[in-house]
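The primary structure of each chain is shown beneath.
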Amino acid sequence: MTQTYDAIIIGAGVMGASLAFHLAERGLKTAILERRVSAAGATGHSSGLVRMHYDLAAESELTFVSYKNYFRDWKERVGGDCGFINTGFLQIAKREHEHKLRGNVANQQQIGINTSIISAAEVKELFPDFITDHFDYAAYEPDSGYADPTLTTNSFLEAAKRNGAALIQNCEVTAINTSGGRATGVSTTRGDFAAPVVINAAGAWAKQVASLADIDVPLETWTHDVAFLHRPPSLGRIPAVIDDVINCYFRPEGSALILAAGEDESLRGEPPDAEDQTPTDTFLEKLIDNMVQRIPKIEESGLHSIHVGRDGITPDQRAIYGSSGIDGFYLACGLSGTGFKTSPAAGASLVELILDGAPKTVDITPFRFERFAEGKLIEGEYGYGHLWK
Ligand SMILES: Cc1cc2nc3c(=O)[nH]c(=O)nc-3n(C[C@H](O)[C@H](O)[C@H](O)COP(=O)(O)OP(=O)(O)OC[C@H]3O[C@@H](n4cnc5c(N)ncnc54)[C@H](O)[C@@H]3O)c2cc1C
């Protein structure tokens, strides 16, 4: 027997969970269909950085609104916990990018973000264990940090369920059903579901899911290795950092560990279901070689563990939010290895676009799907080039 809903979300990662939260809050009878379990995809492997520095104002705004309306006061806004820890955030820029760093920080300050340019000497004062010889300036965000992506997803889902949403796990969508050119629902391994709104939030699988409706989304998979290192006992305070000079990002993980990963070496185009717990051969050696250039005490740390995650990435490394071209079938995918921190505001904005005809929370129209067919890929106002090399 067909089950009938007002809206169906395909995928219970953080994006699907945010969409479910916002749809259910608006009173829609919502089903989230997940082929495995919640947070089984990219979300469960995410590094969870919540920083606001981007080279595109629309992305900075998505993170800022996600921070101030959600992560900072999660319990009041959503209920439950998102595990947000305020560590501060540093964006370390290459010398030749100084004018871009300044331009981006000026844009972010206009949005209302608490960020400023600080000199290498000021970085050293704040974080004395850092070597600061090979850059002149960084952007510093005292309010940023990291959160727990699985906790975030599950508390969005719990809140959605309190508003009547159904989370149906071990339920793989196998067909998108249409009639007269509009979406009418989906077929799954657990039967048929009807709804006038269907949203593809299937992460690394979103290309396959879109193809069920004969839509070709320019997505490939991006496979990313992440290490947890034991924190050297003598290491002082460190913030969350994206370091474009040594091509790494890192942050504390509680008091005993450091999470660290590279900006390059991520594999592209692996099948979404490929075995995903084997890092590349050179990952760890390269990571440590790079990190000791910034923090020599990393030599004293040991490896705790390595994990591997996989997201969908688009040609301009920016998300796709909006209509698929088929009435009633929407895309919330291609989050390109940076979509955790933006998911609360992106979910709110896409729900407004679907229900009200236009987004109010943040203008997500730059992320429309049509940009690829039009050859108008997104470029940052003060673009650094692709984050993932
Ligand atoms: C290792 C790693 C580190 C990252 N670090 C950060 C970070 O520090 N900060 C940040 O902001 N972002 C980060 N990201 C990116 C961010 O985590 C992702 O963009 C985000 O989690 C994607 O969420 P999602 O819901 O779109 O996809 P996913 O979490 O992948 O969820 C998609 C879900 O869809 C389900 N699904 C697939 N096909 C079907 C089907 N046919 N039927 C039903 N269900 C289906 C899958 O099982 C999966 O659970 C990182 C990503 C990775 C991989």
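Quantities reported herein were computed from a predicted structural model and do not represent experimental measurements.

Asker: Where do I start with the site of the ligand in this structure?
Answerer: Not every one of the 38 residues close to the ligand is listed here, only the nearest: E34, T43, L49, D311 and K341. At a separation of 3.0 Å, a nitrogen atom of the ligand approaches a polar backbone atom of S47. A distance of 3.1 Å is found between an oxygen atom of the ligand and a backbone nitrogen or oxygen belonging to G48. Expressed as a share of its isolated accessible area of 1000 Å², the protein-covered part of the ligand is 98%. Taken together, the residues of the shell around the ligand sort by class into 18 nonpolar, 14 polar and six charged. Of the residues that make up the shell around the ligand, three or more belong to each of domain 1 (3–45 + 150–219 + 316–373) and domain 2 (85–145 + 224–311).

Asker: Explain the nonpolar core here, please?
Answerer: For soluble globular proteins, the rule of thumb is that nonpolar side chains tend to be buried together. Ranked by size, the top nonpolar core spans 53 residues in total, and within it L19, I199 and Y321 carry the most contacts. If one sorts the elements of this core by residue count, helix α1 (residues 14–25) sits on top with eight residues. Once residues lying within four places of it in the same chain are set aside, the contact partners of L19 are I9, I199, A201, A332, G347, L350 and V351. Judged by nonpolar contacts, the second largest core, of 31 residues, contains I8, F193, A202 and L331.

Asker: What is the right way to read helix α10 (residues 343–356) from this model?
Answerer: Between its first and last C-alpha atoms α10 spans 19 Å; for 14 residues at 1.5 Å apiece the expected length is 20 Å, and the two agree. Among the 14 residues of α10, 11 are classified as buried, and the element is accordingly described as predominantly covered. Those residues of α10 that sit buried are S343, P344, A345, A346, G347, A348, S349, L350, V351, E352 and I354.

Asker: How should I be thinking about the sheet that holds strand β11 (residues 173–179) in this particular structure?
Answerer: Through backbone hydrogen bonds, the strands of a sheet pair up, either in parallel or in antiparallel fashion. Here we have four strands laid out as an open sheet, ordered β1-β13-β12-β11, and mixed in their pairing. Pairing within the sheet leaves two strands with one partner each, and these edge strands are β1 (3–4) and β11. By the bridge criterion, four bridges tie strand β12 (residues 182–188) to strand β13 (residues 191–194) in an arrangement that is antiparallel. Its bridge partner lying in β13, S187 is registered against D192.

Asker: Please explain helix α7 (residues 149–162) as it appears in this structure.
Answerer: Two residues of an α-helix separated by three or four positions point the same way, owing to the 3.6 residues in each turn. Compared with the 20 Å implied by 1.5 Å per residue over 14 residues, the 20 Å span of α7 between its first and last C-alpha is a close match. All buried positions along α7 are accounted for by P149, T152, T153, S155, F156, L157, A159 and A160. On its buried face, α7 is in contact with α1, β3 (30–33), α2 (42–45), α4 (74–77), β10 (166–168) and α10. Note on α7: the residue one or two positions beyond its end, G164, has a positive phi of about 100 degrees.

Asker: I tried to follow the environment of G302 on my own but got confused; where do I start?
Answerer: Mapped onto the elements, G302 comes out in the loop between α9 (283–294) and β20 (303–313). When the C-alpha positions of G302 and F228 are compared, they lie 9.0 Å apart, and in sequence the two are 74 residues distant. Beyond its immediate stretch of four places on either side in the chain, G302 contacts L229 and H230.

Asker: Help me understand the pairing of strand β16 (residues 240–243), please; the structure alone is not making it clear to me.
Answerer: Here β16 shows two buried faces, one formed by A240 and I242 and the other by V241 and D243. In terms of strand pairing, strand β6 (residues 89–92) meets β16 through four bridges, oriented parallel. Looking at the pairing, I92 lines up with D243 of β16. Taken together, the three bridges between β16 and strand β17 (residues 248–253) define a ladder with antiparallel strand orientation. Bridge pairing in β17 links I242 to Y249. Taking the residues that link successive antiparallel strands as the turn, the β16-β17 hairpin has four residues, and the phi of N247 there is positive, at about 60 degrees.

Asker: Would you mind going over the state of the cysteines with me for this structure?
Answerer: In protein structure, a disulfide is the covalent linkage between the sulfur atoms of two cysteines. Taken as a whole and judged by the stated rule, the model has zero disulfides. C333 forms no disulfide, and the closest cysteine sulfur to it belongs to C171, at a distance of 19 Å. Note on C333: relative accessible area 0%, which makes it buried.

Asker: Explanation requested: the domain arrangement of the chain in the structure shown.
Answerer: By a widely used convention, the size of an interface equals the accessible area lost when the partners come together. Split by domain assignment, the chain resolves into domain 1 (3–45 + 150–219 + 316–373) and domain 2 (85–145 + 224–311). Placing the centre of domain 1 and that of domain 2 at their C-alpha centroids yields a distance of 30 Å. In this complex, domain 1 contributes 11 residues to the contact, which on the side of domain 2 involves 10 residues. Across the interface of domain 1 and domain 2, roughly 820 Å² is buried in total on both sides, 48% from carbon and sulfur atoms. Among the residues domain 1 hides against domain 2, the three largest losses belong to A42, H45 and A204. Together they make up 57% of the total. Run the count over domain 1 and domain 2 and you get one salt bridge. Residues R35 and D273 are paired through a salt bridge, measuring 3.2 Å at the closest nitrogen-oxygen approach.

Asker: Can you walk me through the pattern of salt bridges in this structure?
Answerer: Close approach of charged atoms lets side chains of opposite charge pair. Summed over the entire model, instances satisfying the criterion amount to 19 salt bridges. Across the salt bridge formed by R318 and D55, the nearest N and O atoms sit 3.1 Å from each other. A residue pair is termed long-range when its members are at least 10 positions apart, and R318 in the loop between β20 and β21 (320–323) and D55 in the loop between β4 (49–50) and α3 (57–69) qualify at 263 residues. A relative accessible area of 8% places D55 in the buried class. The salt bridge partner of R95 is D136, with a shortest N-O separation of 3.0 Å. Here R95 is found in the loop between β6 and α5 (98–111), whereas its partner D136 is found in the loop between α6 (120–126) and β8 (137–141), with 41 residues between them in sequence.

Criteria and cut-off values
Residues numbered from 1 in each chain as written. Predicted model: local features only at pLDDT ≥ 70, side-chain atom pairs only at ≥ 80, totals over all residues. Heavy atoms only, no water. Near = heavy atom within 4 Å. Polar contact = N/O pair within 3.5 Å; in protein donor to acceptor, adjacent residues only side chain to side chain. Areas by Shrake-Rupley, 256 points an atom, 1.4 Å probe, with all protein chains shown as cover. Nonpolar A, V, L, I, M, F, W, Y, C, P; charged D, E, K, R; others polar. Domains from an automatic or database assignment. Core = buried A, V, L, I, M, F, W, Y, C linked by side-chain atoms within 4.5 Å. Buried < 20%, exposed > 50% of the residue type's maximum accessible area, 1.4 Å probe, protein only. Helix = DSSP H or I, 4+ residues; strand = E, 2+ residues; numbered from the N terminus. Contact = heavy atoms within 4.5 Å. Expected span 1.5 Å × (residues − 1). Pairing = 2+ DSSP bridges. Disulfide = S-S within 2.5 Å. Buried area = accessible area lost by both parts, 1.4 Å probe. Salt bridge = Lys/Arg side-chain N within 4 Å of Asp/Glu carboxyl O.

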